[in-house]
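A look at the structure
These are the residues of each chain, in order.
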Amino acid sequence: MATITMHDVGKIYPDGTRAVGAMNLAVGDGEFLVLVGPSGCGKSTALRMIAGLEDVTEGTISIDNVVVNDVRPKDRDIAMVFQNYALYPHMTVYDNMAFGLKLRKVPKDEIRQQVNAAAEMLEITELLERKPKALSGGQRQRVAMGRAIVREPAVFLMDEPLSNLDAKLRVQMRSELTGLHQRLGTTTVYVTHDQVEAMTLGHRVAVMRPVSPERPYNLQQVAAPTELFNNPANLFVAGFIGSPSMNLVYGTLTQDDAGVVHLGFCDKTVTVDARAVDGHPGIEDYFGMQVVVGIRPSAMEDARVSTRSESETIEVESLVNELLGSETYVHFELPSPPVLTPDVEENLRDQGLDASSLGDTTKFTARISPDVDVPDFTQLRLAIDTPKIHFFDAETSDKIGYRAWDDHSADELFTQRS
Amino acid sequence: MTISPRTRSRAARAFVYALLILGVVIVTLPFWYTVVTSLKPQAFVFEIPPRLWPSPATISNYVEALTKENFGLYFLNSLFVATVATGLTVVIAAMMAYAFARLEFPGKEVIFYGLLLGMMIPPVMLIIPQFIIAKNLHLLDSLTGLIVVYISMNLSVQTFLLRGFFEGIPKSLEEAALIDGASQWVIFRRIALPLVRPGLAVVAIFTFLYSWDEFPWAHVAIKETSKRTLPIGIALFQSAHLTEWGQVFAASIVAIVPVVIVFAVFQRHFIRGDVGSGMKG
């Protein structure tokens, strides 16, 4: 059992590139923390620094309040699961799992006992005498897990351990990982680029982003999955978390004499629930200015089955409808230029797209109840769950009124949790 | 007239096969001729046209060659020199190659290219300087001296070869071992070395072949009869007036046997490496 604290940690490679900057993070005892972000966001580098496989250029990393910057990996009481599993090809599964114990001079009987127990837990007992090349991808993944848990380390570090599995197996292993963590309760830091994995596995999720000269830090937001989803710190987090991703459109807020806030976007106007206004402290300063409006697909519903008031609905023409059985996605376009900020572009780049793919209209997706029948190319009235609307500063991309992440010191984050 | 692609590909194939068969003939004919001649009585050796089948056949060449002078001693000398030189070359080259592949130290590449430079000097050019150094170090006329020179002649090539093998090992394997608590030596000995077995087999085969066959240096360095190696011994079968070619060839065939054995023992290791098989998918 252990806590991990990263204090102002930075990593600059010998060639001068900065991979990680100003990273402050506290992982609580027994916590499952996920580092998530697009490729190149420094998540793996951060993990490898905790493991001791990369030198720490700036700041300190502590495990159980002991600074480990100069402690060798083997003395950090950690175990790591690698993306490519890194099983020793010339050893049997048993020897793979026993290797670390042998090196630590654990008595033979004890090794046998521990390996067998771990193998049983992962249901790989019948594979113990096989070599890695005789195993399937999923089995290799289990053996890699087994090698990590058999030593009963204080910390598990996992570097995209499921990314090489096919989709079905990944879902299964995901739930097994959760089960395993519940049983062992070992502090875990888990790296992934898959936001679904992040949301389902993590007690808390740290969203990271590549550093840039203007923004020499990676961490965007560290929060529980629901918090990330319901209260994203900025457009980057908003766009990265959630699938399909949050709809964004330029809009303007105004307040009438009665104090009711109205949102105008494109040729539509809706009233905004007071809860949304309260959720964005200081939003008054933005009245009359252009802001970025974020509406999750799940915050929209066919007006016929919604309880929202008439003033919270918009009339759209559906283009394509995807019926998934449990839900229906309605795609439509708004005749308004697409929202394009550095954050949005970065998210697009991660999906292999660029700004030109947006076209010159704003594309929206709404997730509606499968009970209503919506033919393609029909007029449709959508109700917007306005308490769940997000407003972002069009210049900075930050959520209006959001308390910036760097106000949290590592200690503060930790006390918040415990 | 146009040639259909099919005809063309057939013609191309015929050409390729013809070329390959020619290659096989060029490679095997001398060997076959050696075998045949070793079984011929002396009188038939220079028969024109030469017979490609030994009739009449005799094993007297073998009997005479193997009982002649010190053939047995020469054979054992060669075996000793080649085995020790091979063993030590494998060990030293593996350690050097691992260091060049995985450790960081100042001047690494400069030293490595210096080592490669050794590969580019024709060995014959080295004989005189080698002789002077060997003389000063009292390495002449001794089997140990031969071993030292054979190792040094092989190290650069074999280190070069093995470095490539070590670099082919995924880094994450070593990182996994590091986290498992392995020291650099344990990683080398228990992770890296077993994974470059195919490379070690290649090194063993080539070094053995070299040390077993080497003639110029052995000829220069060894004067004492009892310390001669097999290539020198076989060469001495030839004399100015009468060379018993049947015996020369019989001795050569016997001399091939250990090489074939070494090859047979080690070749199974390089049929299939499993360096990548602990990885994904």
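Residues numbered from 1 in each chain as written. Chains lettered and ligands numbered in written order. Predicted model: local features only at pLDDT ≥ 70, side-chain atom pairs only at ≥ 80, totals over all residues. Heavy atoms only, no water.

**Description of the overall build of chain B**
Quick reminder of the rule: For the purposes of this entry, the term helix denotes a DSSP run of H or I that reaches at least four residues, the term strand denotes a run of E that reaches at least two, and both are numbered from the N terminus. A radius of gyration in this sense is built from C-alpha atoms; the matching globule rule multiplies 2.2 Å by the number of residues raised to 0.38. Each residue is assigned to one of three classes by its accessible area relative to the maximum for its type, calculated with a 1.4 Å probe on protein chains only: buried under 20%, partly exposed between the two thresholds, exposed over 50%. Note on definitions: a residue-residue contact is assigned when non-hydrogen atoms from the two residues lie within 4.5 Å. Only the protein chains shown count as cover for residues, and all accessible areas are computed by the Shrake-Rupley method using a 1.4 Å probe. Under the counting rule used here, the positive set is Lys and Arg, the negative set is Asp and Glu, and His together with the chain ends is not counted. Charge positions are represented by NZ for Lys, CZ for Arg, CG for Asp and CD for Glu.
Within chain B, the secondary structure is distributed over 12 helices and zero strands. Going residue by residue from the N terminus, the α and β elements of chain B occur as α-α-α-α-α-α-α-α-α-α-α-α. Taking 281 residues into account, the globule formula puts the C-alpha radius of gyration at 19 Å, and chain B, at 24 Å, lies well above it. Overall, the C-alpha framework of chain B stretches about 75 × 70 × 30 Å when taken along its three principal axes. Buried residues in chain B amount to 42% of all 281 residues. Long-range contacts, defined here as pairs at least 24 residues apart, represent 74% of the contacts in chain B between residues at least 6 apart. If you sum the accessible surface of chain B, you get close to 15,600 Å²; carbon and sulfur atoms cover 72% of it. Once the 21 positive and 15 negative side-chain charges of chain B are each reduced to a mean point, those two points are 10 Å apart.

**Remarks on the nonpolar core**
What counts is decided by this rule: Definition used in this section: a nonpolar core is a set of buried Ala, Val, Leu, Ile, Met, Phe, Trp, Tyr and Cys residues joined via side-chain atoms within 4.5 Å.
Counting 83 residues, the largest nonpolar core has A:Met23, A:Leu35 and B:Phe166 as the members making the most contacts within it. In contact with A:Met23, not counting residues within four places along its chain, are A:Met6, A:His7, A:Asp8, A:Val9, A:Leu35, A:Ala46, A:Met208 and A:Leu219. Of all hydrophobic cores here, the second largest spans 47 residues; its members include A:Val36, A:Ala98, A:Ala118 and A:Ala148.

**Side note on the pattern of salt bridges**
Residues and elements named next belong to chain A. Under the convention used in this document: Throughout this description, the term salt bridge denotes a Lys or Arg side-chain nitrogen within 4 Å of a carboxyl oxygen of Asp or Glu.
Summed over the entire model, instances satisfying the criterion amount to 27 salt bridges over all chains. Across the pair Glu-315 and Arg-381 runs a salt bridge whose closest N-O atoms are separated by 3.0 Å. With Glu-315 in strand β16 (residues 313-317) and Arg-381 in strand β20 (residues 379-384), this pair connects stretches of sequence that are 66 residues apart. Since its relative accessible area comes to 31%, Arg-381 is described here as partly exposed.

**Thoughts on the pairing of strand β13 (residues 268-272) of chain A**
Residue and element names in this part refer to chain A. Selection criterion: Two strands pair if DSSP finds at least two bridges between them.
Most of β13 sits inside the fold, with four of its five residues counted as buried. By the bridge criterion, five bridges tie strand β12 (residues 261-265) to β13 in an arrangement that is antiparallel. Bridge pairing links Phe-265 to Lys-268 in β13.

**Some details on the sheet that holds strand β21 (residues 390-393) of chain A**
All names here are of chain A. In plain terms, the rule: Fitted lines through C-alpha atoms give the axes, limited to the stretch in contact for helices. The angle between two N-to-C directions lies from 0 to 180 degrees.
Pairing within the open sheet is antiparallel, and its five strands lie in the order β13-β12-β11-β14-β21. Strand pairing shows two members of the sheet lacking a second neighbour, β13 and β21, which therefore form its edges. Geometrically, the sheet is characterised by an average inter-axis angle of 40° between neighbouring strands, direction not taken into account.

**Details of helix α10 (residues 342-350) of chain A**
All names here are of chain A. The complete set of buried residues in α10 reads Asp-343, Val-344, Glu-346, Asn-347 and Leu-348. The elements touched by buried residues of α10 are α8 (235-240) and β11 (247-255). Gly-352 sits one or two residues past α10 and shows a positive phi near 75°.

**Points about the sheet that holds strand β3 (residues 32-36) of chain A**
Residue and element names in this part refer to chain A. Strand order in the open sheet formed by six strands is β6-β7-β8-β3-β9-β10, and the pairing between neighbours is mixed. The open sheet has two edge strands, β6 (78-81) and β10 (219-223), and neither has a second partner. Across the sheet, the mean angle separating the axes of adjacent strands is 15° when strand polarity is ignored. Sheet topology places β6 next to strand β7 (residues 155-159); four bridges connect them, and they run parallel. Within β7, the residue paired with Ile-78 across the bridge is Val-155.

**Focus: helix α5 (residues 123-136) of chain B**
All names here are of chain B. Threshold: A helix is expected to reach a length of 1.5 Å times the quantity of its residues less one. To get the bend at any residue, fit one axis to the seven residues that end at it and another to the seven that begin at it, then take the angle between the two axes.
The terminal C-alpha atoms of α5, which comprises 14 residues, lie 20 Å apart, in line with the 20 Å expected from a rise of 1.5 Å per residue. A maximum bend of about 35° is found in α5 at Pro-129. On its buried face, α5 sits against α6 (143-167) and α10 (216-221). His-138 sits one or two positions beyond α5 and adopts a positive phi of about 60°.

**Digging into the packing of helix α2 (residues 93-103) of chain A against helix α4 (residues 137-149) of chain A**
Residue and element names in this part refer to chain A. Here is the rule we go by: Any angle between 65 and 115 degrees counts as roughly perpendicular, while under 35 counts as roughly parallel, over 145 as roughly antiparallel, and the rest as oblique. A clockwise turn of the near helix away from the far one marks a right-handed crossing, whereas an anticlockwise turn of less than a right angle marks a left-handed crossing.
Where α2 meets α4, the axes come as close as 8 Å, and the angle between the chain directions of the two elements is 30°. Regarding the angle of α2 to α4, the classification is roughly parallel. Between α2 and α4 the crossing geometry is right-handed. Here Val-93, Asn-96 and Met-97 of α2 come into contact with α4, specifically with Val-143, Gly-146 and Arg-147.

**Examining the environment of A:Asp159**
All names here are of chain A. Among the secondary structure elements, Asp-159 is positioned in strand β7. In sequence terms Asp-159 and Thr-328 are 169 residues apart; their C-alpha atoms lie 34 Å from each other. Apart from the residues within four sequence positions on either side, Asp-159 is in contact with Ser-44, Leu-47, Met-80, Val-81, Phe-82, Gln-83 and Val-191.

**Focus on the interface of chain A and chain B**
The extent of an interface is frequently quoted as the accessible surface area lost upon association of the parts. Definition in use: Any pair of N or O atoms that falls within 3.5 Å is considered a polar contact. Within protein, one atom must be able to donate a hydrogen and the other to accept it, and sequence-neighbouring residues count only if both atoms are side-chain atoms.
Contact residues are listed per partner, giving 28 residues for chain A and 23 residues for chain B. The interface formed by chain A and chain B contains two salt bridges. Residue B:Asp180 is joined to A:Arg151 by a salt bridge in which the shortest nitrogen-to-oxygen separation is 2.8 Å. Our count for the contact surface shared by chain A and chain B stands at eight residue pairs in polar contact (both at pLDDT 80 or more).

**Some thoughts on the pairing of strand β1 (residues 4-12) of chain A**
Residues and elements named next belong to chain A. Here β1 pairs with strand β4 (residues 58-63) via five bridges, running antiparallel. By the bridge assignment for β4, Gly-10 is matched with Glu-58. Here β1 runs beside strand β2 (residues 18-27); their pairing, made up of six bridges, is antiparallel. Following the sheet pairing, Lys-11 is matched in β2 by Val-20. Between the end of β1 and the start of β2, which pair antiparallel, lie five residues, with Gly-16 showing a positive phi angle near 100°.

**Focus: the domain arrangement of chain B**
Residues and elements named next belong to chain B. Cut-off, in case you're wondering: In this document the domain limits rely on a domain assignment from an automatic tool or a database. The buried area of a pairing is the accessible area, by a 1.4 Å probe, that goes missing from both parts when the two are put together, added over both.
Taken domain by domain, chain B holds domain 1 (5-58) and domain 2 (70-280). The centre of domain 1, based on its C-alpha atoms, is set 32 Å off from the matching centre of domain 2. In this assembly, nine residues from domain 1 lie in contact with nine residues from domain 2. Between domain 1 and domain 2, a total of about 680 Å² is buried, with carbon and sulfur atoms accounting for 75% of that surface. Together, Thr-34, Ser-38 and Gln-42 form the three largest contributors to the area buried by domain 1 at its contact with domain 2, with a combined 59%. Joining domain 1 to domain 2, the criterion identifies zero salt bridges. Across the domain 1-domain 2 interface, the total number found is zero residue pairs in polar contact (both at pLDDT 80 or more).

**Some remarks on a nonpolar patch on the surface**
Residue and element names in this part refer to chain B. Our working rule: Patches were defined on residues exceeding 30% relative accessible area and lacking a salt bridge, with like-charge contacts within 9 Å and nonpolar side-chain contacts (Val, Leu, Ile, Met, Phe, Trp, Tyr) within 5 Å.
A cluster of nonpolar side chains, Tyr-17, Ile-21, Val-25, Leu-29, Trp-32, Leu-52 and Trp-53, forms an exposed patch at the surface whose accessible area comes to about 740 Å². Structurally, Trp-53 can be placed in the loop between α1 (5-38) and α2 (60-67). Since its relative accessible area comes to 59%, Trp-53 is described here as exposed.

**Focus: the packing of aromatic side chains**
Formally: Note on aromatic contacts: the rings of Phe and Tyr and the six-membered ring of Trp form a pair at centre separations within 6.5 Å, being stacked when their planes are under 30 degrees apart, edge-to-face when over 60 apart, and tilted otherwise. Only when the NZ of Lys or the CZ of Arg is both within 6 Å of the ring centre and within 35 degrees of the ring normal is a charge said to sit over the ring.
Scanning the entire structure with this criterion turns up 17 aromatic pairs over all chains. Taken together, a centroid distance of 5.4 Å and an interplanar angle of 75° make the contact between B:Tyr98 and B:Phe166 edge-to-face. Here the residue B:Tyr98 occupies a position in helix α3 (residues 71-102), and B:Phe166 occupies one in helix α6, the gap between them amounting to 68 residues. Accessibility assignment for this pair places B:Tyr98 and B:Phe166 in one class, buried. Centre to centre, the rings of B:Phe100 and B:Phe105 are 5.9 Å apart; their planes meet at 50°, and the pair counts as tilted. B:Phe100 gets classed as buried once you look at its relative accessible area, which sits at 6%. Of the aromatic side chains, those joined through ring pairs into one cluster are B:Phe100, B:Phe105, B:Phe112, B:Tyr113 and B:Phe160. Over the ring of A:Phe229 we find A:Arg296; its NZ or CZ atom is 4.1 Å from the centre of that ring. A cation over a ring is seen here: B:Arg163 above B:Phe112, with NZ or CZ 4.3 Å from the ring centre.

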